[in-house]
Amino acid sequence: MAILSKEEAQAILKKVIGFSKADACEVSLNGSDGGNIRYARNAVSTAGQISVMSLAVNSTFGKKTGTATINEFDDASLQKVVKRSEELAMLAPENPEYMPLLGPQDFPESTTYNAKTAAMTPDTRADMVAKSLEVSKAAKLEAAGFLENSTRFNSVMNSKGLFAYNKSTNVSFSVTVRNQEGTGSGYIEQDFNDLDKMDTLALSKIAAKKANGSAGAKAIEPGKYTVILEPLAASDMLGNMFRGFDARSADEGRSFMSKKGGGTRLGEQLFSENINIYSDPFNPELPSSTWDRDGLPNKRTQWVEKGVVKNLSYSRYWAAQKGAQPLPFNRSIVLEGGNQSLEELIKGTEKGILVTRFWYIRSVDPQTLLLTGLTRDGTFYIENGEIKFPLKNFRFNESPVIMLNNVEALGKPVRTGSGMIPPMKIRDFTFTSLSDAV
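Here is what the cut-offs are and how they apply
Residues numbered from 1 in each chain as written. Predicted model: local features only at pLDDT ≥ 70, side-chain atom pairs only at ≥ 80, totals over all residues. Heavy atoms only, no water. Pairing = 2+ DSSP bridges. Helix = DSSP H or I, 4+ residues; strand = E, 2+ residues; numbered from the N terminus. Axes fitted to C-alpha atoms, helices over the stretch in contact; angles between N-to-C directions. Domains from an automatic or database assignment. Contact = heavy atoms within 4.5 Å. Buried area = accessible area lost by both parts, 1.4 Å probe. Salt bridge = Lys/Arg side-chain N within 4 Å of Asp/Glu carboxyl O. Polar contact = N/O pair within 3.5 Å; in protein donor to acceptor, adjacent residues only side chain to side chain. UniProt positions renumbered as here; feature names shortened; annotations may be inferred. Phe/Tyr/Trp six-rings, centres within 6.5 Å; stacked < 30°, edge-to-face > 60°. Buried < 20%, exposed > 50% of the residue type's maximum accessible area, 1.4 Å probe, protein only. Lys NZ or Arg CZ within 6 Å of the ring centre and 35° of its normal.

Going by an unreviewed UniProt entry, the protein carries the name Putative Zn-dependent protease and comes from Pedobacter duraquae.

Enquirer: Please explain the sheet that holds strand β6 (residues 185–192) as it appears in this structure.
Expert: Within a beta sheet, neighbouring strands are joined by backbone hydrogen bonds and run either parallel or antiparallel to one another. Reading across from one edge, β3-β2-β1-β4-β5-β6 is the order of the six strands in this open sheet, with antiparallel pairing throughout. Every other strand in the sheet has two partners, leaving β3 (64–70) and β6 as the edge strands with one partner each. This sheet shows a mean twist of 15 degrees between the axes of neighbouring strands, independent of strand direction. Examined bridge by bridge, strand β2 (residues 43–61) and β3 share seven bridges and lie antiparallel to one another. Bridged to F61 within β3 is K64.

Enquirer: What exactly am I supposed to notice about the domain arrangement of the protein here?
Expert: By a widely used convention, the size of an interface equals the accessible area lost when the partners come together. Under the domain assignment used here, the protein contains domain 1 (6–211) and domain 2 (217–238 + 337–434). Computed over C-alpha atoms only, the centres of domain 1 and domain 2 are separated by 31 Å. The interface is formed by 12 residues belonging to domain 1 together with 11 residues belonging to domain 2. Summed over both sides, the interface of domain 1 with domain 2 buries roughly 910 Å², with 40% coming from carbon and sulfur. On the domain 1 side of the interface with domain 2, the three residues burying the most area are Y187, D191 and K210, jointly 52% of the side's total. Across the contact surface, domain 1 and domain 2 share two salt bridges. One salt bridge connects K210 with E230, and the closest N-O pair in it is separated by 2.6 Å. At the junction of domain 1 and domain 2, the tally comes to six residue pairs in polar contact (both at pLDDT 80 or more). Listing elements by their share of the side of domain 1 that touches domain 2, those giving two or more residues are β5 (163–179) and β6. Sort the elements by how many residues they give to the side of domain 1 that touches domain 2 and β6 lands first, with seven residues.

Enquirer: Would you take a moment to explain the UniProt feature "domain: Metalloprotease TldD/E N-terminal" (unreviewed entry) in the protein for this structure?
Expert: Residues annotated by UniProt as "domain: Metalloprotease TldD/E N-terminal" (unreviewed entry) correspond here to residues 25–89. Helix makes up 23% of residues 25–89 and strand 65%. Its end C-alpha atoms lie 11 Å apart.

Enquirer: In this structure, what is going on with the packing of aromatic side chains? I would like to understand it.
Expert: When we look at a pair of aromatic rings, we describe it by the centre distance and by the angle of the planes. Enumeration over the complete set of coordinates arrives at 16 aromatic pairs. Judged by centre distance (6.4 Å) and plane angle (40 degrees), the ring pair of Y225 and F394 falls under tilted. With Y225 in strand β7 (residues 223–229) and F394 in strand β15 (residues 393–398), this residue pair connects regions lying 169 residues apart in the sequence. Look at F245 and W303: their rings are 6.3 Å apart centre to centre, the planes differ by 75 degrees, and that puts the pair in the edge-to-face class. Of this pair, F245 sits in the loop between α6 (231–242) and α7 (247–251) while W303 sits in strand β9 (residues 301–305), placing them 58 residues apart in sequence. Accessibility assignment for this pair places F245 and W303 in one class, buried. Taken together, the ring pairs in this structure connect Y225, F358, F394, F396, F429 and F431 into an aromatic cluster. For K167, the ring lying beneath its charged end belongs to Y113, and the centroid distance is 4.2 Å.

See below:
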């Protein structure tokens, strides 16, 4: 019962709204169904199937709101959860930022659902993991990985007539491959809505190549270097930056988008002219829901154009405070790039460092977005357009804002994490110390 159709979800939500005696009522109904396989040291360790569904009721009297949840769906249980949310609302303090419910909205149907991904079985997952294990066993390496697929639905209805529904699928895969001596390590991760795009064999070969190639790493002096960041490494850095495209935190002086003395950096040239960032729920490689949790439509939005900040996101409350239009931030971000492959970027580099990914990233200064962290799972020295030898890992201190001002070249974007991110060639990237970790 975990995946309901639009009509089935709508019927339950209508019933719950009918039980409400509150001034305003909003009900969300969500469910997921999927499975996973985890493996380590070239052997499967766990496998599972998970199916869940839950309903949440927000009841409001004046500006006082109470929330209750339940995972039983008979009439008596639905009446009970509505009554409980109303009891909690009467006990709650007033919310000074409460916004009235939205009325009916028109949301186009998304492209987030793929029937083949939804039809995955335990045998499908087993076959995909077997292909990954073939690679590590044949190369006498050791692999640890995780494969997971899910089908989800999300729906919401309120007492003012708003109704929204979305169904989506996802399959994700990650694997760490190490040599038996523990001196070399490689890593890859990938996720898609469409199962046909997931190739665990090819991905595992990349991780295995890095594991073999990173053994016998040499130490070089920390400092400022030209780096080529693989899309995963670039995504690791940029995820922190994307969270800063929020008007309220900028207006309140809490982010890198805050202007000294007050105001925001909207309209400023904040990055290099070759930086263009947008979100689009209908991007074929990165589809997402056409509505957000506040009941606002997600539309194609240009966040940065030729390095200039074009938009900041506004919640309904903050938009009302500032006389602006509400604008949700869709996490399905696309950073436009060029047509060069990662290999072509390497070939065009006289001296530099190739970074597979970063980890243990921590904020140093939220105002400048200065971050610190470590390289991991394959760091290599480039000379005359070729990878010459593996490097010991570094600690870095760098801001993605400065990073995007030092872009020399951008490759072809690929899906990584929740975005479409290109490999990047960056000058003057700051490494501060060495790390002995593999």
